[in-house]
Amino acid sequence: EENELNQWILRNGEPVSIRELSDKNTRLYEKNKAFFNNVGAFMMVALNTKQKFLGLLIVGKKKDEDVYTREDKELLKLISRQLSSGILNARLSEELIQTKEMENFNKLSSFIIHDLKNFTSMLSMVAENAKENFNDPEFQKDALSTVTVTINKMKGLMDKLSHLPEDLELELGKKDLNGLVKDTLIKTKIEDIKRIRVIKELNPLPEVMIDEDYLEKVILNLIINAKESIHQEGEIKIETLKNDNYVKLAITDTGSGMSK
């Protein structure tokens with residue numbers, strides 16, 4: 001029954017509401033009615049690549065109870081395409097790990113996995129914020145920018161997989177750590193999530209020798225992990241300071257924390 005539902009949504013090609021499914025295929029709707037109720041489904045779109053089914057993206061009702069507009073559906077299609085690419089890249093990464101010819105892949109696997117997690121998390125934040133801000137032209141502009149940046153990062157990841165270096169090479173240069181923190185916060189959209197308060201204590205710092213791309217990934221991972229640990233409301237604090245001959249970056253949160 002689930003396979004039949006998946007294939008029907010895949011063939012449909014467009015995001016489909018539960019009401020539309022009920023009108024177009026009453027039998028299939030009745031078979032899966034319990035599933036829809038359990039997950040609170042209101043709108044569904046297939047995750048796929050070259051017509052190969054990968055999964056379902058399911059969203060619930062909008063807070064204002066309005067129907068999903070054409071613009072909402074277009075955003076869902078964009079998000080589903082990027083998620084599909086991320087899932088496919090993750091599967092390809094797993095296959096590469098298993099081949100003897102990719103002995104050096106283990107050196108990069110952790111970075112790749114975190115990249116994929118960052119991509120999906122950034123898109124998830126766009127989807128979460130869209131529930132309340134989709135009609136805001138400024139949000140639409142920012143959302144499109146985030147999707148575009150994510151696409152370019154995915155292309156970069158695929159290029160990295162095609163040309164794996166023998167050793168991890170850091171490109172060090174003098175950079176402003178506070179500026180990097182601010183830019184990364186903008187990319188995560190974490191400050192747009194109303195249930196999370198972001199506290200910034202960025203003290204004056206000298207420029208430091210860092211690899212900007214890799215350190216950005218570290219900051220992204222910590223912020224996304226903090227966000228995922230906060231299930232209701234909470235705070236994320238980001239602090240920088242100079243300590244003797246070192247600079248310090250600290251990211252703390254009021255989330256659930258790690259198990260023992």
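Refer to the preceding data block for the structure.
From a predicted model like this one, the values you see are computed outputs, not experimental measurements.

**Some details on the environment of D183**
- Structurally, D183 can be placed in helix 8 (residues 177–188).
- Put simply, D183 and E216 are 33 residues apart on the chain and 9.0 Å apart in space, counted from C-alpha to C-alpha.

**Side note on the pairing of strand 8 (residues 246–253)**
- Examined bridge by bridge, strand 7 (residues 234–243) and strand 8 share 8 bridges and lie antiparallel to one another. The partner of I238 across the bridge, within strand 8, is I251.
- What sits between the antiparallel neighbours strand 7 and strand 8 is a turn of 2 residues, in which D244 has the positive phi angle 55 degrees.

**Quick notes on the packing of aromatic side chains**
- For the coordinates displayed, the defined rule picks out 3 aromatic pairs.
- Ring centres of Y29 and F36 lie 6.1 Å apart, and the angle between their planes is 25 degrees; this geometry places the pair in the stacked category.
- Among the aromatic residues, those joined into a cluster by ring pairs are Y29, F35 and F36.

**With respect to unusual backbone geometry**
- Unusually for a residue other than glycine, D244 sits at a positive phi of about 55 degrees.
- Topologically, D244 is positioned in the loop between strand 7 and strand 8.

**Points about a nonpolar patch on the surface**
- A grouping of L170, L172 and M209 is seen on the molecular surface, where their side chains present a nonpolar patch of about 320 Å² in accessible area.
- Looking at the element boundaries, L172 is found in the loop between helix 7 (137–162) and strand 4 (173–175).
- On the basis of relative accessibility, which here comes to 53%, the residue L172 falls in the exposed class.

**Quick notes on the nonpolar core**
- Judged by nonpolar contacts, the single largest core of 20 residues is most densely connected at L185, I190, I196, I223, I236 and I238.
- Put simply, the parts of the chain that give this core at least two residues each are helix 8, strand 5 (196–202), strand 6 (208–210), helix 9 (212–229) and strand 7.
- Listed in part, the 16 residues of the second largest apolar core include L54, L76, I79 and L83.

What counts and how
- Residues numbered from 1 in each chain as written.
- Predicted model: local features only at pLDDT ≥ 70, side-chain atom pairs only at ≥ 80, totals over all residues.
- Heavy atoms only, no water.
- Helix = DSSP H or I, 4+ residues; strand = E, 2+ residues; numbered from the N terminus.
- Pairing = 2+ DSSP bridges.
- Phe/Tyr/Trp six-rings, centres within 6.5 Å; stacked < 30°, edge-to-face > 60°.
- Patch = residues over 30% accessible without salt bridge, like charges linked within 9 Å, V, L, I, M, F, W, Y side chains within 5 Å.
- Areas by Shrake-Rupley, 256 points an atom, 1.4 Å probe, with all protein chains shown as cover.
- Salt bridge = Lys/Arg side-chain N within 4 Å of Asp/Glu carboxyl O.
- Buried < 20%, exposed > 50% of the residue type's maximum accessible area, 1.4 Å probe, protein only.
- Core = buried A, V, L, I, M, F, W, Y, C linked by side-chain atoms within 4.5 Å.

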